[in-house]
Amino acid sequence: MLGRIFTEQFAFSAGDSVVVIGLGRFGGAVAQSLMRLGHDVMGIDRREDLVQLWSERLTHTVQADSTNENVMLQLGVADFSHAIVAIGSDLAASLMTLMVLSELGIKDIWVKAMTPEHGQIAQRIGAHHVVYPEADMGARVAHLITGRLMDFIEFEDGFAIAKINAPAETHNITLAESHVRARFGVTVVGVKRLNEDFQHALGETRILPGDLLIVSGPTKKIELFAGGDKKGKKR
(Lines give C-alpha, C1' and ligand atoms only; values in the text may rest on other atoms or scores of the structure.)
Protein backbone atom coordinates (compact mmCIF):
# COMPACT_ATOMS: atom_id res chain seq x y z
CA MET A 1 0.00 0.00 0.00
CA LEU A 2 2.86 2.43 0.77
CA GLY A 3 4.27 2.10 -2.73
CA ARG A 4 0.83 2.59 -4.24
CA ILE A 5 0.26 5.77 -2.23
CA PHE A 6 3.55 7.22 -3.48
CA THR A 7 3.09 6.40 -7.14
CA GLU A 8 -0.56 7.52 -7.17
CA GLN A 9 0.36 10.95 -5.85
CA PHE A 10 3.67 11.62 -7.55
CA ALA A 11 3.63 10.38 -11.15
CA PHE A 12 6.78 10.78 -13.24
CA SER A 13 6.94 11.26 -17.00
CA ALA A 14 6.72 8.08 -19.03
CA GLY A 15 10.05 6.33 -19.44
CA ASP A 16 11.96 8.39 -16.87
CA SER A 17 14.82 6.60 -15.12
CA VAL A 18 14.69 6.46 -11.33
CA VAL A 19 17.22 5.43 -8.71
CA VAL A 20 15.73 4.13 -5.47
CA ILE A 21 18.14 4.09 -2.55
CA GLY A 22 17.05 1.79 0.26
CA LEU A 23 15.22 -1.40 -0.69
CA GLY A 24 13.34 -2.00 2.51
CA ARG A 25 9.57 -2.27 2.73
CA PHE A 26 8.84 1.21 1.38
CA GLY A 27 11.70 1.48 -1.11
CA GLY A 28 11.05 -1.97 -2.54
CA ALA A 29 7.33 -1.28 -2.93
CA VAL A 30 7.98 2.04 -4.67
CA ALA A 31 10.61 0.53 -6.97
CA GLN A 32 8.31 -2.31 -7.98
CA SER A 33 5.40 0.06 -8.62
CA LEU A 34 7.60 2.28 -10.78
CA MET A 35 8.73 -0.75 -12.80
CA ARG A 36 5.11 -1.67 -13.44
CA LEU A 37 4.52 1.86 -14.70
CA GLY A 38 7.26 1.42 -17.30
CA HIS A 39 10.24 3.16 -15.68
CA ASP A 40 13.83 1.96 -15.59
CA VAL A 41 14.75 1.55 -11.93
CA MET A 42 18.12 1.08 -10.28
CA GLY A 43 17.89 -0.11 -6.70
CA ILE A 44 20.76 0.52 -4.29
CA ASP A 45 21.16 -0.85 -0.78
CA ARG A 46 23.99 -1.72 1.59
CA ARG A 47 22.42 -5.05 2.47
CA GLU A 48 23.33 -7.94 0.19
CA ASP A 49 20.16 -9.88 1.02
CA LEU A 50 17.90 -7.03 -0.11
CA VAL A 51 19.88 -6.51 -3.29
CA GLN A 52 19.57 -10.21 -4.11
CA LEU A 53 15.85 -10.15 -3.27
CA TRP A 54 15.19 -7.41 -5.82
CA SER A 55 17.80 -8.37 -8.42
CA GLU A 56 15.31 -10.05 -10.77
CA ARG A 57 12.51 -7.52 -10.27
CA LEU A 58 14.28 -4.25 -11.07
CA THR A 59 16.26 -3.04 -14.08
CA HIS A 60 19.47 -2.97 -12.02
CA THR A 61 20.34 -3.61 -8.38
CA VAL A 62 23.61 -2.74 -6.69
CA GLN A 63 25.04 -3.33 -3.24
CA ALA A 64 26.78 -0.05 -2.42
CA ASP A 65 27.33 2.69 0.12
CA SER A 66 25.10 5.54 -1.02
CA THR A 67 26.86 8.01 1.28
CA ASN A 68 30.07 7.72 -0.77
CA GLU A 69 30.04 10.26 -3.60
CA ASN A 70 32.75 8.51 -5.62
CA VAL A 71 30.85 5.23 -5.53
CA MET A 72 27.67 6.94 -6.67
CA LEU A 73 29.53 8.64 -9.51
CA GLN A 74 30.94 5.31 -10.66
CA LEU A 75 27.43 3.84 -10.67
CA GLY A 76 26.23 6.62 -12.97
CA VAL A 77 23.65 7.90 -10.49
CA ALA A 78 24.16 11.46 -11.75
CA ASP A 79 22.56 10.45 -15.04
CA PHE A 80 19.20 9.57 -13.49
CA SER A 81 16.21 11.87 -13.85
CA HIS A 82 14.87 11.17 -10.36
CA ALA A 83 16.23 9.87 -7.07
CA ILE A 84 14.24 8.52 -4.15
CA VAL A 85 15.95 8.22 -0.77
CA ALA A 86 13.93 5.51 0.94
CA ILE A 87 16.27 4.93 3.89
CA GLY A 88 14.09 4.87 6.96
CA SER A 89 15.90 3.63 10.05
CA ASP A 90 19.24 5.45 9.69
CA LEU A 91 18.75 9.23 9.80
CA ALA A 92 22.43 9.99 9.24
CA ALA A 93 22.64 7.73 6.18
CA SER A 94 19.47 9.28 4.75
CA LEU A 95 20.76 12.83 5.08
CA MET A 96 24.30 11.98 3.91
CA THR A 97 22.86 10.24 0.85
CA LEU A 98 20.75 13.31 0.15
CA MET A 99 23.84 15.51 0.34
CA VAL A 100 25.63 13.27 -2.17
CA LEU A 101 22.69 13.41 -4.58
CA SER A 102 22.59 17.18 -4.27
CA GLU A 103 26.31 17.37 -5.05
CA LEU A 104 25.74 15.20 -8.12
CA GLY A 105 23.21 17.73 -9.38
CA ILE A 106 20.15 15.49 -9.57
CA LYS A 107 17.24 17.81 -10.28
CA ASP A 108 14.43 15.82 -8.67
CA ILE A 109 15.18 14.29 -5.27
CA TRP A 110 12.54 12.67 -3.06
CA VAL A 111 13.18 11.76 0.55
CA LYS A 112 11.21 9.48 2.84
CA ALA A 113 11.04 11.18 6.23
CA MET A 114 10.16 9.52 9.50
CA THR A 115 9.51 12.72 11.45
CA PRO A 116 8.75 16.38 10.68
CA GLU A 117 12.24 17.26 11.91
CA HIS A 118 13.79 14.80 9.46
CA GLY A 119 11.71 16.32 6.67
CA GLN A 120 12.67 19.90 7.57
CA ILE A 121 16.38 19.10 7.60
CA ALA A 122 16.07 17.22 4.31
CA GLN A 123 14.45 20.20 2.62
CA ARG A 124 17.16 22.53 3.90
CA ILE A 125 19.97 20.45 2.46
CA GLY A 126 18.53 19.76 -0.96
CA ALA A 127 15.40 17.59 -1.02
CA HIS A 128 12.89 18.80 -3.59
CA HIS A 129 10.08 16.70 -2.12
CA VAL A 130 9.55 15.05 1.25
CA VAL A 131 7.04 12.27 1.82
CA TYR A 132 5.78 10.79 5.07
CA PRO A 133 4.52 7.37 3.93
CA GLU A 134 3.66 5.99 7.35
CA ALA A 135 1.59 9.06 8.19
CA ASP A 136 -0.07 9.00 4.75
CA MET A 137 -0.92 5.33 5.12
CA GLY A 138 -2.24 5.88 8.64
CA ALA A 139 -4.62 8.60 7.46
CA ARG A 140 -5.77 6.49 4.53
CA VAL A 141 -6.40 3.39 6.62
CA ALA A 142 -8.26 5.42 9.24
CA HIS A 143 -10.61 6.73 6.57
CA LEU A 144 -11.18 3.24 5.21
CA ILE A 145 -11.83 1.77 8.65
CA THR A 146 -14.53 4.31 9.43
CA GLY A 147 -16.41 3.08 6.38
CA ARG A 148 -17.09 6.58 5.07
CA LEU A 149 -14.54 6.45 2.28
CA MET A 150 -13.99 3.36 0.12
CA ASP A 151 -10.72 4.69 -1.25
CA PHE A 152 -8.83 7.87 -0.55
CA ILE A 153 -5.89 9.89 -1.88
CA GLU A 154 -4.86 13.08 -0.09
CA PHE A 155 -2.43 15.61 -1.57
CA GLU A 156 -0.04 17.96 0.21
CA ASP A 157 -2.38 20.96 0.25
CA GLY A 158 -5.27 19.20 2.00
CA PHE A 159 -7.03 18.42 -1.28
CA ALA A 160 -8.27 14.86 -1.78
CA ILE A 161 -9.95 12.52 -4.22
CA ALA A 162 -12.16 9.80 -2.78
CA LYS A 163 -14.52 7.01 -3.76
CA ILE A 164 -17.66 6.97 -1.63
CA ASN A 165 -21.12 5.49 -1.49
CA ALA A 166 -23.64 8.05 -2.71
CA PRO A 167 -25.12 9.79 0.37
CA ALA A 168 -28.86 9.32 0.81
CA GLU A 169 -29.67 12.96 0.15
CA THR A 170 -28.34 12.65 -3.41
CA HIS A 171 -30.52 9.64 -4.28
CA ASN A 172 -33.02 9.79 -7.14
CA ILE A 173 -32.26 13.38 -8.13
CA THR A 174 -29.76 14.96 -10.51
CA LEU A 175 -26.52 16.53 -9.36
CA ALA A 176 -27.86 19.92 -10.40
CA GLU A 177 -30.87 19.38 -8.15
CA SER A 178 -28.82 18.23 -5.17
CA HIS A 179 -26.49 21.29 -5.30
CA VAL A 180 -23.60 19.24 -3.93
CA ARG A 181 -20.91 21.77 -4.78
CA ALA A 182 -22.76 24.75 -3.34
CA ARG A 183 -23.86 22.95 -0.18
CA PHE A 184 -20.78 20.90 0.63
CA GLY A 185 -17.90 22.49 -1.28
CA VAL A 186 -17.00 19.27 -3.12
CA THR A 187 -17.25 18.20 -6.74
CA VAL A 188 -18.65 14.90 -7.99
CA VAL A 189 -16.25 13.93 -10.77
CA GLY A 190 -17.77 10.64 -11.84
CA VAL A 191 -20.31 7.91 -11.10
CA LYS A 192 -19.94 4.13 -11.18
CA ARG A 193 -23.11 2.06 -11.19
CA LEU A 194 -23.27 -1.70 -10.78
CA ASN A 195 -22.82 -3.51 -14.12
CA GLU A 196 -22.42 -0.23 -15.98
CA ASP A 197 -19.38 1.66 -17.28
CA PHE A 198 -17.92 4.58 -15.38
CA GLN A 199 -19.48 7.89 -16.44
CA HIS A 200 -18.22 11.42 -15.99
CA ALA A 201 -20.59 13.42 -13.84
CA LEU A 202 -22.72 16.15 -15.42
CA GLY A 203 -25.38 18.38 -13.99
CA GLU A 204 -28.09 16.16 -15.45
CA THR A 205 -26.55 12.96 -14.04
CA ARG A 206 -29.12 11.27 -11.80
CA ILE A 207 -27.75 9.51 -8.73
CA LEU A 208 -29.32 6.24 -7.63
CA PRO A 209 -29.04 4.28 -4.37
CA GLY A 210 -25.99 2.04 -4.55
CA ASP A 211 -24.03 4.33 -6.88
CA LEU A 212 -20.36 4.94 -6.19
CA LEU A 213 -19.20 8.54 -6.53
CA ILE A 214 -15.72 9.83 -7.30
CA VAL A 215 -15.48 13.09 -5.38
CA SER A 216 -12.79 15.79 -5.20
CA GLY A 217 -12.34 18.69 -2.81
CA PRO A 218 -10.92 19.64 0.60
CA THR A 219 -10.47 16.53 2.74
CA LYS A 220 -12.64 17.69 5.63
CA LYS A 221 -15.50 18.63 3.32
CA ILE A 222 -15.36 15.25 1.59
CA GLU A 223 -15.53 13.56 5.00
CA LEU A 224 -18.62 15.56 5.94
CA PHE A 225 -20.30 14.84 2.62
CA ALA A 226 -19.47 11.13 2.75
CA GLY A 227 -20.84 10.91 6.27
CA GLY A 228 -24.19 12.30 5.23
CA ASP A 229 -23.70 15.49 7.22
CA LYS A 230 -26.80 17.66 7.20
CA LYS A 231 -24.98 20.92 7.81
CA GLY A 232 -24.32 21.76 4.19
CA LYS A 233 -25.34 25.21 3.07
CA LYS A 234 -29.03 25.44 2.35
CA ARG A 235 -30.10 25.79 -1.25
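Above: the structure in question.
Thresholds applied
- Residues numbered from 1 in each chain as written.
- Predicted model: local features only at pLDDT ≥ 70, side-chain atom pairs only at ≥ 80, totals over all residues.
- Heavy atoms only, no water.
- Buried < 20%, exposed > 50% of the residue type's maximum accessible area, 1.4 Å probe, protein only.
- Helix = DSSP H or I, 4+ residues; strand = E, 2+ residues; numbered from the N terminus.
- Arc of directions from axis to C-beta.
- Pairing = 2+ DSSP bridges.
- Right-handed = clockwise from strand over helix to strand, strands pointing away.
- Salt bridge = Lys/Arg side-chain N within 4 Å of Asp/Glu carboxyl O.
- Phe/Tyr/Trp six-rings, centres within 6.5 Å; stacked < 30°, edge-to-face > 60°.
- Lys NZ or Arg CZ within 6 Å of the ring centre and 35° of its normal.
- Core = buried A, V, L, I, M, F, W, Y, C linked by side-chain atoms within 4.5 Å.
- Contact = heavy atoms within 4.5 Å.

Peer 1: Outline helix H6 (residues 116-124), supporting the account with residue identities and numerical values.
Peer 2: Looking only at H6, the buried set comprises His118, Gly119 and Ala122. Looking straight down H6, one finds that the buried residues subtend no more than 95° of arc, so they occupy a single side. The first or second residue beyond H6 is Gly126, which carries a positive phi of 130°.

Peer 1: Provide a residue-level description of the pairing of strand S1 (residues 17-21), including the pertinent values.
Peer 2: Within S1, five of the five residues are buried, which leaves it mostly tucked inside the rest of the structure. Side-chain alternation along S1 places Ser17, Val19 and Ile21 on one buried face and Val18 and Val20 on a second face that is also buried. Sheet analysis places S1 next to strand S2 (residues 40-45), joined by five bridges and oriented parallel. Paired with Val19 across the two strands is Met42, which belongs to S2.

Peer 1: Give a description of the pairing of strand S5 (residues 109-112) that names residues and reports values.
Peer 2: Every second residue of S5 is oriented toward a common face, with Ile109 and Val111 on one face and Trp110 and Lys112 on the other, all of them buried. With three bridges joining them, strand S4 (residues 82-85) and S5 adopt parallel strand pairing. From the neighbouring strand, Ala83 faces S5, where its bridge partner is Ile109. Once you follow S4 into helix H5 (residues 91-104) and on to S5, the crossover reads as right-handed. Of the pairings in the sheet, the one linking S5 to strand S6 (residues 129-131) comprises three bridges and is parallel in character. Bridge pairing links Val111 to Val130 in S6.

Peer 1: I'd love a proper account of unusual backbone geometry, names of residues and values included.
Peer 2: Peptide bonds are mostly trans, and most non-glycine residues show a negative phi. Even without being glycine, Asn172 reaches a positive phi, approximately 65°. Tracing the chain through its elements places Asn172 in the loop between strand S8 (159-165) and strand S9 (173-174). With relative accessibility at 46%, the residue Asn172 sits in the partly exposed group. Positive phi values are uncommon outside glycine, yet His179 reaches one of about 55°. Relative to the elements of secondary structure, His179 occurs in the loop between helix H8 (175-178) and helix H9 (180-184).

Peer 1: Outline the environment of Met96, supporting the account with residue identities and numerical values.
Peer 2: Along the chain, Met96 turns up in helix H5. For the pair Met96 and Ser66, spaced 30 residues apart in the sequence, the C-alpha separation amounts to 8.2 Å.

Peer 1: Describe the pattern of salt bridges, and please don't skip the residues or the numbers.
Peer 2: For the structure on display, the rule yields four salt bridges. When the shortest N-O distance is used, the salt bridge between Arg46 and Asp65 registers 3.0 Å. Taken together, the residues span a long stretch of sequence, with Arg46 in the loop between S2 and helix H3 (48-54) and Asp65 in the loop between strand S3 (60-63) and helix H4 (69-74) at a distance of 19 residues. What makes Arg46 partly exposed here is its relative accessible area of 47%. For Arg47, the salt bridge identified is with Asp49, shortest N-O distance 2.7 Å.

Peer 1: Now, about the packing of aromatic side chains: what can you tell me, with residues and values included?
Peer 2: In this structure the tally under the stated criterion is one aromatic pair. Ring centres of Phe184 and Phe225 lie 5.0 Å apart, and the angle between their planes is 55°; on these two criteria the pair is classed as tilted. Within this pair, whereas Phe184 is found in helix H9, its partner Phe225 is found in helix H10 (residues 219-226), the two being separated by 41 residues in sequence. Accessibility assignment for this pair places Phe184 and Phe225 in one class, buried. The ring centre of Trp54 lies 4.5 Å from the NZ or CZ of Arg57, which sits over that ring.

Peer 1: Requested: an account of the nonpolar core, with residues and values cited.
Peer 2: Counting 25 residues, the largest nonpolar core has Val19, Ile44, Met72, Val77 and Leu101 as the members making the most contacts within it. Put simply, the parts of the chain that give this core at least two residues each are S1, S2, S4, H5 and S5. Excluding residues within four positions of it along the chain, Val77 makes contact with Val19, Ile44, Met72, Leu101, Leu104 and Ile106. In terms of nonpolar packing, the next biggest core, distinct from the first, is built from 19 residues, Leu149, Ala162, Ala201 and Ile222 among them.

Keep in mind that these numbers describe shape and distance, not what the molecule does.
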